Amino acid sequence: MATENKAVITLFGATGDLAKRKLYTALFKLYQKGYLQDHFALLGTSRHPYTDEEFQQVVRDSIKDVEETRKGEAADFSKHFFYKSHDVTKPEHYTILKKRIEELDKQFGTEGNRLFYMSMAPQFFGTIAMNLKKQDLLSDEGFNRLVIEKPFGRDFDSAKKLNDELSKTFDENQIFRIDHYLGKEMVQNIQALRFGNTIIESLWNNRYIDNIQVTLSEKLGVEERAGYYDNSGALRDMVQNHIMQIVAQLAMEQPVSFTDTDVRVEKIKALRSLRVYTPSEAAANFVRGQYDAGNGTEAYRDADGVAPDSGTETFVAAKLMFDNYRWSGVPFYVRTGKKLADKFTRIDVVFKKPLIDIFADPRHESDQTLNSNVLTIFVEPKSGFAMQLNAKRAGQGFTTQPVDLKYLQSDTDKKESPEPYERLFHDALEGNHTNFASWAEIAYAWKFVDVIRKLWDIEKPQFPNYVPGSMGPAASDELLARDGRQWVYRLNH
């Protein structure tokens, strides 16, 4: 049975695209499942002048496509939503918010529990947090929690400044930094796969694993995000957060217990052991790209809001190394980019081949070689696992062929799986930090990425250098070829 969560949620940026596309739907699904019932309210704020009734209609419009909505359910849900036009830079506006929150707390019996969600430009995060404290909007009875969206800074210095500002109002255990990839079903399955299966965890080290590959591929371009993206790029937009969080889960040691505190400890230890490159090492181990025109697509530099000589990367590939006992000598290859062959996220764990390949013995008169065993975690759009093994090919003679042992989530299981924002909203209401990034994790990630960013900022790239519909620039393949390896996922393979 679902346990009801009680809280007044104050949403800064309530009329934004994220709120309309993701947040209201996530809350509605929690409402349908009983995690939110009678004792919650959401107070939306932004500069837009809405009445409560107009805002409730926005919410109903946002959730109209949710399947299996019972009659009257959307209307009942939207009655928990209220609105106040608000300028986050004006302290006197917080006095009005405080009064409204206190009224909603009494009306809905939320027992003083308050969750503040910042879904707006990061430069206002510190201002909001300061005023929440100065204008006395924090509860003395229930919990006070702060949920914030990325980006969390542009480099280590700006991230630290932001964290210091937030820390003046909220303790670390009250801050929930969203990374929606941590809400994905198969990313959460990494720990179940590793620590729930002796056959996997016993091989999860440099004695048996040759390399690990992480691919976050996007088929679309920058679309309406061009203005933001041209000031960010793939390194900041994808590598520093999503990829580093996935890699930390792949590299971490087994926690003492499956609690948010112990999981975070091991992720932090893993990121501490990630080798921070010198500039020359960064140049050798990182590849960047920008897509050209082709296959019916305009070049990145021709998109609205992008400078015609932009040096912003839309693709990154890299080789990461961990300097610890478990992973010494094992490269983690990562890549992400826009306008690639397809949209998917996958993790490929490539195991070492047998020391002696008896099937390649010349006396067998065969030039065959064994394939590496590969464990693939399909994150999206399909969800599941596959293990590639070597087996005898049916028929006379003795030749081997790769075969897959595969599990994919059924449509029913997918339907039952919460969407990332639904899961993360629930975890924040529960006070569970397992699937949120800690400040220490973000700090180590930025320190690693800053070396690459500073190098790229002083070197003029040879852009554009890959065609839409490909898997990135040729240098991405060459990065692995130098080590005698190749990407598991390749076009026409």
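On a predicted model such as this, the values are computed, not experimentally measured, just so you know. Residue positions are counted from 1 within each chain, in the order its sequence is given. Under the rules for a predicted model, residues below a pLDDT of 70 receive no local features and side-chain atom pairs below 80 are neither given nor counted, while totals for whole chains, interfaces and linings still include all residues. Calculation of side-chain values draws on the structure's entire complement of heavy atoms; hydrogens and water are dropped beforehand.

Some thoughts on the side chain of Gln290
Short version of the rule: Only DSSP runs of H or I covering at least 4 residues are called helices, and only runs of E covering at least 2 are called strands; the numbering of each starts at the N terminus. Whenever a nitrogen or oxygen atom comes within 3.5 Å of another N or O atom, the pair is scored as a polar contact, on the condition that within protein one atom can donate a hydrogen and the other can accept it, and that pairs from neighbouring residues in sequence are kept only if both atoms are in side chains.
Locating Gln290 in the fold gives a position in the loop between strand E8 (286–289) and strand E9 (315–321). A distance of 2.9 Å separates a polar atom in the side chain of Gln290 from the backbone oxygen of Thr312.

Quick word on the pattern of salt bridges
Short version of the rule: Any Lys or Arg side-chain nitrogen located within 4 Å of an Asp or Glu carboxyl oxygen qualifies as a salt bridge. Whether a residue is buried, partly exposed or exposed follows from its accessible area with a 1.4 Å probe, protein chains only, as a fraction of its type maximum: under 20%, in between, or over 50%, in that order.
Applying the stated rule across the entire model yields 29 salt bridges. Across the pair Arg21 and Asp17 runs a salt bridge whose closest N-O atoms are separated by 2.5 Å. With Arg21 and Asp17 both in helix H1 (residues 17–33), this residue pair falls 4 residues apart, about one helical turn. Look at Arg21 and you get partly exposed, because its relative accessible area is 47%. The partner of Lys338 in a salt bridge is Glu218, with the nearest N and O atoms 3.2 Å apart. One end of the pair, Lys338, is in the loop between strand E10 (331–337) and strand E11 (344–351); the other, Glu218, is in the loop between strand E7 (209–217) and helix H9 (226–229), and 120 residues separate them in sequence.

Remarks on the sheet that holds strand E6 (residues 175–177)
Note the following rule: Two strands pair if DSSP finds at least two bridges between them. Axis lines are fitted through C-alpha atoms, for helices just across the contact stretch, and the angle between N-to-C directions can take any value from 0 to 180 degrees. Any two residues having at least one pair of non-hydrogen atoms within 4.5 Å are treated as being in contact.
Within the open sheet, the 6 strands sit side by side as E3-E2-E1-E4-E5-E6. Their pairing is parallel. The open sheet has two edge strands, strand E3 (81–85) and E6, and neither has a second partner. When the angles between neighbouring strand axes are averaged without regard to direction, this sheet yields 20°. Bridging between strand E2 (residues 40–46) and E3 involves 5 bridges; their strand directions are parallel. Each residue of the ladder has a partner; that of Leu43, found in E3, is Phe82. With respect to the sheet, helix H5 (residues 125–134) is in contact with strand E1 (7–12), strand E4 (114–118) and strand E5 (144–148), its orientation differing from that of E4 by roughly 160°.

Focus: helix H10 (residues 233–251)
What counts is decided by this rule: One less than the residue count of a helix, multiplied by 1.5 Å, gives the span that helix is expected to have. What we call the bend at a residue is the angle made by axes fitted to the seven residues finishing there and the seven residues starting there.
The first and last C-alpha atoms of H10 sit 25 Å apart over 19 residues, in line with the 27 Å expected at 1.5 Å per residue. Of all the bends in H10, the greatest, near 45°, is centred on Val239. Among the 19 residues in H10, 19 count as buried, and that is most of the element.

What to know about the environment of Asp342
You can see Asp342 is positioned in the loop between E10 and E11. As for Asp342 and Glu218, which are separated by 124 residues in sequence, their C-alpha atoms are 6.2 Å apart. Excluding residues that lie within four positions of it along the chain, Asp342 makes contacts with Ser217, Glu218 and Lys219.

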